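The lines below spell out each chain.
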Amino acid sequence: MADIQAQFPDLKDRTVLVTGGGSGIGASLVEAFARQGAKVAFIDIAEEPSRALAVKLSGQFAHSVAFYHADLRDVGAIKSTVAAVEADLGAIRVLVNNAGWDDRHDIDTTTEEYWDNNQAINLKQVFFVSQAAAPGMRAAGGGAIINFSSIVFKMNPPLLSSYATAKSGIIGLTKSFAGRFGPENIRVNAVLPGMIVTQRQLDLWLTEDGMAKMMDRQCLKRVLSPEDLVGPVLFLASDSSGAMTGQAITVDGGIF
Ligand SMILES: NC(=O)c1ccc[n+]([C@@H]2O[C@H](COP(=O)([O-])OP(=O)(O)OC[C@H]3O[C@@H](n4cnc5c(N)ncnc54)[C@H](O)[C@@H]3O)[C@@H](O)[C@H]2O)c1
């Protein structure tokens, strides 16, 4: 597990919104931003673990951590939740579009309803959360958006066609947003994680054999954890990466 000591003083007191912050990589990011002294809000559909995380982290750092329950597939809920975050914590200066759903699906059995639902959580909401947060960022003088893609769309994954489509779409969205928002000092970058071992991944998808095969392909021979995303995301959020936009950073231990 990576032990991130870096401090980015410009993140102190900044309002940060992390989507899907209740578990996995998102939960590590919520804690990392709170440690930097940021005002952190996160949205999640999973009520219980999210409440527990907010309670655990509040009181430990300069600001308490605020959980907002919403289903990101609902654009109306996105708009009202982003407005509530802004009313409570001020304009969002850092948005991490982390929420996703890597459910397996076979082409032969994928229905239109399944496809639309999968795109709604993996791609559509990234557009609409960004759209909702952008006016506040613009009015505040700028900000940073970090979108979670994945390396998986480059690996010909047989059972992830909708997910892979969404994750490659996020790269296009990132580049288009970078062009649109750059003149307003809003930077937009993407992160492509590799095999990041979370409890959910272990429970649902990862087998010993599958992990060993991926490890063979990683240059770095260690298991990657959610904390491995912390350094790259803090860097992209902070003014330290102030001239970077429209970029996609891979965090996969060097898969070949
Ligand atoms: N873990 C990996 O190996 C890996 C690899 C590549 C990319 N990624 C991407 O990184 C991001 C985080 O990955 P993770 O493994 O921590 O994901 P995860 O599935 O464990 O967590 C995602 C979070 O999003 C929340 N969420 C799901 N649907 C929602 C909805 N409709 N409304 C609101 N919240 C919702 C979940 O409750 C959860 O807390 C995702 O975008 C994922 O696709 C992960």
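Above: the structure in question.
Only a predicted model underlies this, so the values are computations on that prediction, with no experimental measurement involved.

What counts, and at which threshold
Counting restarts for each chain: residues are numbered from 1 in the order of the written sequence. Only residues with pLDDT of at least 70 get local features here, since the model is predicted, and only at 80 or more are side-chain atom pairs given and counted; chain-wide, interface and lining totals rely on the full set of residues. Working from all heavy atoms in the structure, the side-chain values ignore hydrogens and water. The rule for a residue being near a molecule or strand is that one of its heavy atoms must lie within 4 Å of it. A 3.5 Å cut-off defines polar contacts: any pair of N or O atoms within that distance qualifies, except that in protein one atom must be a possible hydrogen donor and the other a possible acceptor, and neighbouring residues in sequence count only when both atoms are side-chain atoms. For the area figures, the Shrake-Rupley method with a 1.4 Å probe applies, and any residue is considered shielded solely by the protein chains shown. The helix and strand labels rest on DSSP assignments: H or I over at least four residues marks a helix, E over at least two residues marks a strand, and numbering proceeds from the N terminus. The residue classification treats Ala, Val, Leu, Ile, Met, Phe, Trp, Tyr, Cys and Pro as nonpolar and Asp, Glu, Lys and Arg as charged. All others, Gly included, are polar. Whenever a carboxyl oxygen of Asp or Glu lies within 4 Å of a side-chain nitrogen of Lys or Arg, that contact is scored as a salt bridge. When accessible area is computed with a 1.4 Å probe and restricted to protein chains, residues below 20% of their type maximum are described as buried, those above 50% as exposed, and intermediate ones as partly exposed. When DSSP locates at least two bridges between a pair of strands, those strands are taken to pair. In this analysis an axis means a line fitted to C-alpha atoms, helices contributing only their contacting stretch, and an angle means the value between N-to-C directions, from 0 to 180 degrees. When checking whether two residues touch, look at their non-hydrogen atoms; a contact exists if any pair is within 4.5 Å. Seen with its strands pointing away from the viewer, a crossover is right-handed when the path leading from the first strand over the helix to the second is clockwise.

Colleague: Which residues make up the site of the ligand, and what values go with them?
Modeller: By nearness alone, 27 residues border the ligand, and S23, I25, D44, N98 and Y163 come closest of all. Take S23: an N or O atom from its side chain is 2.8 Å from an oxygen atom of the ligand. One of the backbone nitrogen or oxygen atoms of G194 is found 3.3 Å away from an oxygen atom of the ligand. Burial of the ligand by the protein amounts to 92% of the accessible area it has alone, namely 830 Å². For the shell around the ligand, the elements supplying multiple residues, two or more each, are α1 (24-35), α5 (161-181) and α6 (199-204). In terms of residue class, the shell around the ligand is made up of 12 nonpolar, 10 polar and 5 charged.

Colleague: Explain the pattern of salt bridges to me, and be specific about the residues and the numbers.
Modeller: Taken as a whole and assessed by the stated rule, the structure comprises 12 salt bridges. In this structure, D13 and K12 form a salt bridge, with 3.5 Å as the shortest nitrogen-oxygen distance. By relative accessible area, which is 39% here, D13 ends up partly exposed. Residue classification places K12 among the partly exposed residues on the basis of a relative accessible area of 46%. Residues R104 and D102 are paired through a salt bridge, measuring 3.3 Å at the closest nitrogen-oxygen approach. Under the relative-accessibility criterion, R104 is labelled partly exposed at 31%. What you see here is one network of salt bridges that share partners, running through D10, R14 and D239.

Colleague: Outline the sheet that holds strand β5 (residues 143-148), listing residues and values.
Modeller: Here we have 7 strands laid out as an open sheet, ordered β3-β2-β1-β4-β5-β6-β7, and parallel in their pairing. With one partner strand each, in any of the chains shown, β3 (66-69) and β7 (248-251) form the two edges of the open sheet. For this sheet, the mean angle separating the axes of adjacent strands, direction not counted, is 20°. Here strand β6 (residues 186-193) pairs with β7 via 4 bridges, running parallel. By the bridge assignment, L192 is partnered in β7 with T250. Contacts from helix α2 (residues 47-57) reach β2 (39-44) and β3 within the one sheet, and its direction differs from that of β3 by about 165°.

Colleague: Give a description of the pairing of strand β1 (residues 15-19) that names residues and reports values.
Modeller: Within β1, 5 of the 5 residues are buried, leaving the element largely enclosed by the surrounding structure. A two-sided burial pattern is seen for β1, the buried positions comprising T15, L17 and T19 on one face and V16 and V18 on the other. Pairing of β1 with β2, which is carried by 5 bridges, proceeds in the parallel orientation. Directly across from L17, in β2, lies its bridge partner A41. With α1 bridging β1 and its parallel neighbour β2, the resulting β-α-β unit is right-handed. Strand direction decides the pairing type here: β1 and strand β4 (residues 94-97), joined by 3 bridges, are parallel. Counterpart to L17 in the pairing with β4 is L95.

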